[in-house]
Structures are given as structure tokens and as C-alpha cells.
Amino acid sequence: MLDQRLLRDNPERIAAQLARRGVTIDLSGLQQIAREERNLEQQRSTLQAEGNGIGKQVGQLIQGGANPDSPEVRALREAGNRLKQQVAVLEDAEKSLEIQLREQLLTLPNLPAAETPDGRDERDNIEVLRWGTPRQSAAGETLEEHWQIAERLGLFESERSVRIAQSRFVTLMGAGARLERALISFMLDLHGRKGYQEVMPPILVNSASLTGSGQLPKFAEESFRCAEDDLWLTPTAEVPITSLHRGEVIAADALPLKYVAHTPCFRREAGSYGRDTRGLIRLHQFNKVELYWFCHPDHSAAAHQQITADAEAVLQALELPYRKIELCSGDLGFSATRTYDLEVWLPGAAAYREISSCSVCGDFQARRSSIRFKEGKHTQLLHTLNGSGLAVGRTMAALLETGQQSDGSVRLPAALAPYFGGAVINPPQ
RNA sequence: GGAGAGGUGGCUGAGUGGUCGAAAGCGAACGACUCGAAAUCGUUUGAAGGGCAACCUUCCGUGGGUUCGAAUCCCACCCUCUCCGCCA
């Protein structure tokens, strides 16, 4: 959520920044509301001060022995009543403006950081670097896509999963299930050694949590919902982790708080009919290991570099070639001010695919969730960052395509062997 | 699901309808003592909004109500805890 003071004083600046995202909006109406609200607040508080004075007078008179029914006291009581009515009217008007204002502010995305390059959509994103040598098919060699490999090796069931749930769900089987588990443990351990505290949060989250991290109110159609209970299946661990400290004031010297969590993530993938229908790339339920920082505003830019490096470290340890993309202003997610995407090379598909997104959200989520820190006497909003480290299913896809051998087996990176219990997946006998 | 108890500041925990934003303790900050530290003593220490200085308003789970005045009384809701039942 954006700062109301900035809205009152300088809506042009907000509009200019939102324009970089491709959001054109006239904020003069909102500014009016914000100013009118402040105006009412001032009037109301003056009247309340008057009323408090009357209350105090009455109290003193009665304690001093005055008759509660004396004309003097009665006159004061009547004055108090009149004030109370006036205050009630102002209060109602003020409250309705406040609600309007908040409702509308909650639908506005975050402002892009100064460093974020301008652009309209993903075509304007900037490639920052490439790591590793992408595997290309040798002469006469055909590289399979991961779902072909997985089917051949019996790593998952897709058709039977439709029976269990519906399309876009898979059941990992045998070595496939074991590899998923190995990857989760491997990632958690790797990040744990770098100072991230491991957490396993609820994956059903309430509306307040989704609002706090920015998924509501605008993106309700992206999440699965248990309507009876005001609970939703979390689309990312970013949601429960943000709310882990919702409403708190944290001591400055406790920052940064760094968390890593593995959770299943649930997304409706509305509007992606027909895309990535096979395999592990786009599912309603997938595993993800998420990195999350609560940090001091002065350190968030550096933290963004670090959290991205921590995600890259997983790809490097798994020997998976990737490239790092900086998103342009038009391609940023709702809550982000600046984002790096990591795209892993899929040799079978001969394409880079997103496997991690590392964003700094400034105070946007902190304001929605009221998460502050205290430094000396001052309490102020902190900054939040999140990054996938990594999306597990897509990691498996990359490993299968990268490690595929001409004999039909798949070779896994050495780092994974202790977790998986071997470095090769062989075809079934 | 049934019965009971309770929700107060960073934490623990008092609170009779009338200077209660709230005792006390802990924690924290500063100062004194000390070569330094501990201990001790003293002072300070909640948040949001508005003016941005004095100051004003609001906030004791949430929302209503009674009253000149509510942390305190009334109503509804939410949540937590304990016991029982059920259950991995």
C-alpha cells in the first residue's frame, strides 16, 4: 500500500511512477478524499476536545458536591449531548471516506524503484548475466523434454492424477517422489547454512494475510479458497511468512530476519489454458522453497543482491546453467519495486524458463501488514524481500533435461547424491 | 462438538464509571558509582493520526449501546487457554 501522506502532498509523483508500470491513473479524486478526510479529522478532534472539557467540568462539579440535577450541571450535560451528536455526524463521514480511501489504495500496485529499467512488458526486460554453458544437442542427438523423460522413467503419474484431483496436478512416483524430497532437503540445508531460519508455516491462510502481502483484493481469482472458513490455499510461502510478523514492532538490532520455508503452493493458473499442459512446469499444486527477509530500509538494496545471490547459489550447486533477468517497470509484480528473475536452461525445450523471482518490496507489504521496527525512539516501517530458492518442480525438470544420457538414464549433480541416495536415475527393468 | 476461564503497553500483570494512556514488575535506554564490568541507585521508556512547536484527538480483542464522562456497565461477534469428546 502506498503512503497516504504522499498521496495528499504529491499525487503527481505517484501517478508518474505508476505510469512507468503502464498504469495510467488520475489521482486527483483520491487526493480529494484524502484531504477531505484530514479536514474532517481536524474538525472532529476539536469538538472532541471541547466535549472532554465538559465531561471533566461535570465530574469536578459533582465531586465537589454539586447536585447532578442543578441547572448548571444540566446545561453542561445538554451541551455535551449536542457536541456528541455533531461528533457522530463527522465521524460517520470520516469513516466512510477512510474506507473508500483504503479500498482504493489497496488496489494500487507498488511504485517501481529508481533502479528498475523502464519498459512495457517482458520484451523490455534486461539480461544481466548468464552462468554455465547451456547443453545443446550433439550431432544426430535428440534431447527429450522433461515430461518425456519422466514418463519413460516412471517418475510421475499424470492421467491418474486427474482422477484424484483434476488436470494440472501430478502424483510423483518412486524415484520422482524421492528426487522431489531430496531437492527440498538440499535447498533447505543450503540456505540454513547461510543464516536463514527454517520455518514450516500454515498453508491455509486467511484473507488478512493475503491482503497483507498484496494478493488480495486484486488477485482473488488466482487462489483456491475454502469459503466456509475465510481460508485460502496459499499461492506462495511469501504470504504466511509476511504475516508471521504482521502487526509487530521489531527491535532494530534483531534485523534482518531471514527465513526459508518449504511449502506446497496452490495457484488456479486462470487464463493459462493450453499452456505448459504436460509435465511439471505449470501445476495447480507445486513445491517451492522460499527465501524471505525483513530488513532495515537502509539495507534493502544490498539485501536484494544477497537474496538473489542466495537463490543463484542453488542453481550453481546443482550445476544448472541459467540467466539472470532484471524485470522492467512494466513487468513487475504487484508488490515489487525491483525484481530479478532467474531462468534455468531447459535443454529439451531449448529455452530458458523462470525458476526463481527475487523481489524487494520496500515498505509496501510492511504498510499493508503493519510491520515496523524500532530504532531508538522512532518506530518506522521496515522493508521486505522475497525470492524463490527455488521452485522445486521446475528444478526437477531442469535436472532431468540437463542430465539425460543416451542410454536413457539421467545423471544427477554430485551435490545431490547424498540426498537422493545416488547420482543416477535408471530406466525401470 | 459440550463445559468453564480469559483477552490490558516489547513481555508479565493490577485496575472502585470521573486528570487511567493506565499501578507494579521485567526488559530496554541514559546517567551515577567503578580502572572496567556485575550488583546497586537515579531518570527515562507504548502506538496511530493531525499541527509538525507547544499541543490536540484516538487506541485496554472487534463492532455496537448506555452516560456529560467507559479499560471499568449492557449486547453481539472474534480469538486464546483448560477439561471432556473425536482425531493424525
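Computed from a predicted structure; not experimentally measured.

1. Remarks on the overall build of chain A
Here is step 1: In terms of regular secondary structure, chain A is built from 13 helices and 18 strands.
Here is step 2: A globule of 429 residues ought to have a C-alpha radius of gyration of about 22 Å, yet chain A, at 28 Å, is considerably larger.
Here is step 3: Across its three principal directions, the C-alpha atoms of chain A cover 105 × 45 × 40 Å.
Here is step 4: Each of the 429 residues in chain A was classed as buried or not, and the buried ones make up 49%.

2. Comments concerning the domain arrangement of chain A
Here is step 1: Under the domain assignment used here, chain A contains domain 1 (4-105) and domain 2 (122-425).
Here is step 2: Each of domain 1 and domain 2 has a C-alpha centre, and these two points are 45 Å apart.

3. Examining the environment of Leu-111
Here is step 1: Relative to the helices and strands, Leu-111 is located in the loop between α4 (71-106) and β1 (126-131).
Here is step 2: C-alpha of Leu-111 to C-alpha of His-284: the two residues are 173 residues apart in sequence and 29 Å apart in space.
Here is step 3: If sequence neighbours within four positions are ignored, Leu-111 has contacts with Leu-2, Ile-14, Gln-17, Leu-18, Ala-336 and Thr-337.

4. Comments concerning the sheet that holds strand β14 (residues 372-375)
Here is step 1: With mixed pairing, three strands are arranged side by side in an open sheet as β8-β14-β15. A single partner strand is all that each edge strand has here, and the edge strands are β8 (249-251) and β15 (378-381). Averaged over all neighbouring strand pairs, the angle between strand axes comes to 35°, with direction disregarded.

5. Some thoughts on unusual backbone geometry
If a residue is not glycine, its phi is most likely negative; likewise, a peptide bond is most likely trans.
Here is step 1: With omega at 0°, the peptide bond leading from Leu-216 into Pro-217 counts as cis.
Here is step 2: Counting through the fold element by element, Pro-217 comes out in the loop between α8 (207-213) and β6 (225-226).
Here is step 3: Cis peptide bonds are those with omega within 30 degrees of zero, and the linkage from Gly-389 to Leu-390 qualifies with 10°.
Here is step 4: Secondary-structure assignment places Leu-390 in strand β16 (residues 383-391).
Here is step 5: At Asp-276, a position not held by glycine, the phi torsion is positive, near 50°.
Here is step 6: One can find Asp-276 in the loop between β9 (257-266) and β10 (285-295).
Here is step 7: Located in the positive-phi region is Glu-319, a residue other than glycine, with phi close to 60°.
Here is step 8: Inspection of the secondary structure assignment puts Glu-319 in the loop between α10 (300-317) and β11 (322-326).

6. A closer look at the sheet that holds β10
Here is step 1: Across the sheet, eight strands lie side by side as β1-β11-β12-β13-β16-β10-β9-β4; this open sheet has mixed pairing. For this open sheet the edge positions go to β1 and β4 (197-199), each flanked by a neighbour on one side alone. On average, adjacent strands in this sheet sit at an angle of 25° to one another, irrespective of strand direction.
Here is step 2: Summarising the sheet, β4 and β9 pair through three bridges and their orientation is parallel.

7. Considering helix α12 (residues 392-403)
The periodicity of an α-helix, 3.6 residues per turn, causes residues three or four places apart in sequence to face the same way.
Here is step 1: The end-to-end C-alpha distance of α12 is 16 Å, a good match for the 16 Å that twelve residues give at a rise of 1.5 Å each.
Here is step 2: Along α12, eleven of the twelve residues are buried, which leaves the element largely enclosed by surrounding structure.
Here is step 3: Listed as buried for α12 are Val-392, Gly-393, Arg-394, Thr-395, Met-396, Ala-397, Ala-398, Leu-399, Leu-400, Glu-401 and Gly-403.

8. Here we look at the nonpolar core
Here is step 1: Ranked by internal contacts, the top residues of the largest apolar core, which has 51 residues, are Leu-179, Leu-183, Met-187, Leu-315, Leu-318, Leu-400 and Ile-425.
Here is step 2: Mapped by element, the contributors of at least two residues to this core are α5 (146-153), α7 (175-192), β10, α10, β12 (338-346), β13 (351-360), β16 and α12.
Here is step 3: Sort the elements by how many residues they give to this core and α7 lands first, with nine residues.
Here is step 4: Contacts of Met-187, omitting those with residues within four sequence positions, involve Val-289, Val-314, Gly-389, Leu-390, Val-392 and Thr-395.
Here is step 5: Grouped together as the second largest cluster of nonpolar side chains are 27 residues, Leu-18, Leu-30, Leu-47 and Phe-334 included.

9. Things to note about the packing of aromatic side chains
Here is step 1: Considering all chains together, one arrives at eight aromatic pairs under this definition.
Here is step 2: Both rings, one in Tyr-292 and one in Phe-294, keep their centres 4.9 Å apart while their planes meet at 50°; by these two values the pair is tilted.
Here is step 3: For Tyr-292, a relative accessible area of 0% corresponds to the buried category.
Here is step 4: The exposure class assigned to Phe-294 is buried, which follows from its relative accessible area of 0%.
Here is step 5: Taking 4.9 Å as the distance between ring centres and 65° as the angle between the ring planes, the aromatic pair formed by Trp-345 and Tyr-352 counts as edge-to-face. Each member of the pair, Trp-345 together with Tyr-352, is buried.
Here is step 6: Three or more aromatic residues link up through ring pairs in this structure, and these residues are Phe-219, Phe-334 and Phe-364.
Here is step 7: Between the NZ or CZ atom of Lys-258 and the centre of the ring of Tyr-196, over which it lies, the distance is 4.8 Å.
Here is step 8: Between the NZ or CZ atom of Arg-278 and the centre of the ring of Trp-147, over which it lies, the distance is 4.0 Å.

10. Comments concerning the protein's contact with RNA strand B
Here is step 1: Close contacts around RNA strand B come from 22 residues, with Arg-5, Arg-8, Glu-41, Gln-42 and Gln-48 the closest.
Here is step 2: Per the 4 Å cut-off to the protein, sugar and phosphate atoms form 74% of the nearby atoms of RNA strand B.
Here is step 3: For RNA strand B, a phosphate oxygen lies 2.2 Å from a polar atom in the side chain of Arg-8.
Here is step 4: Between Lys-95 and RNA strand B, the recorded distance is 3.1 Å, taken from a side-chain N or O atom to a phosphate oxygen.

11. Describing the pattern of salt bridges
Here is step 1: Scanning all chains against the criterion turns up 18 salt bridges.
Here is step 2: Of the charged contacts in the structure, one is a salt bridge between Arg-20 and Asp-118, with a shortest N-O distance of 2.6 Å. Taken as a pair, Arg-20 in helix α2 (residues 11-20) and Asp-118 in the loop between α4 and β1 lie far apart in primary sequence, 98 residues in all.
Here is step 3: When its relative accessible area of 18% is taken as the criterion, Arg-20 is described as buried.
Here is step 4: What makes Asp-118 exposed here is its relative accessible area of 55%.
Here is step 5: Across the pair Arg-123 and Asp-121 runs a salt bridge, and its minimum N-O distance is 2.7 Å.
Here is step 6: Take Asp-121: its relative accessible area is 19%, and that puts it in the buried class.
Here is step 7: Residues joined by salt bridges that share partners form a network here, namely Glu-127, Arg-130, Arg-323 and Glu-343.

What counts and what doesn't
- Residues numbered from 1 in each chain as written.
- Chains lettered and ligands numbered in written order.
- Predicted model: local features only at pLDDT ≥ 70, side-chain atom pairs only at ≥ 80, totals over all residues.
- Heavy atoms only, no water.
- Helix = DSSP H or I, 4+ residues; strand = E, 2+ residues; numbered from the N terminus.
- Rg over C-alpha atoms; globule rule 2.2 N^0.38 Å.
- Buried < 20%, exposed > 50% of the residue type's maximum accessible area, 1.4 Å probe, protein only.
- Domains from an automatic or database assignment.
- Contact = heavy atoms within 4.5 Å.
- Pairing = 2+ DSSP bridges.
- Axes fitted to C-alpha atoms, helices over the stretch in contact; angles between N-to-C directions.
- Expected span 1.5 Å × (residues − 1).
- Core = buried A, V, L, I, M, F, W, Y, C linked by side-chain atoms within 4.5 Å.
- Phe/Tyr/Trp six-rings, centres within 6.5 Å; stacked < 30°, edge-to-face > 60°.
- Lys NZ or Arg CZ within 6 Å of the ring centre and 35° of its normal.
- Near = heavy atom within 4 Å.
- Polar contact = N/O pair within 3.5 Å; in protein donor to acceptor, adjacent residues only side chain to side chain.
- Salt bridge = Lys/Arg side-chain N within 4 Å of Asp/Glu carboxyl O.

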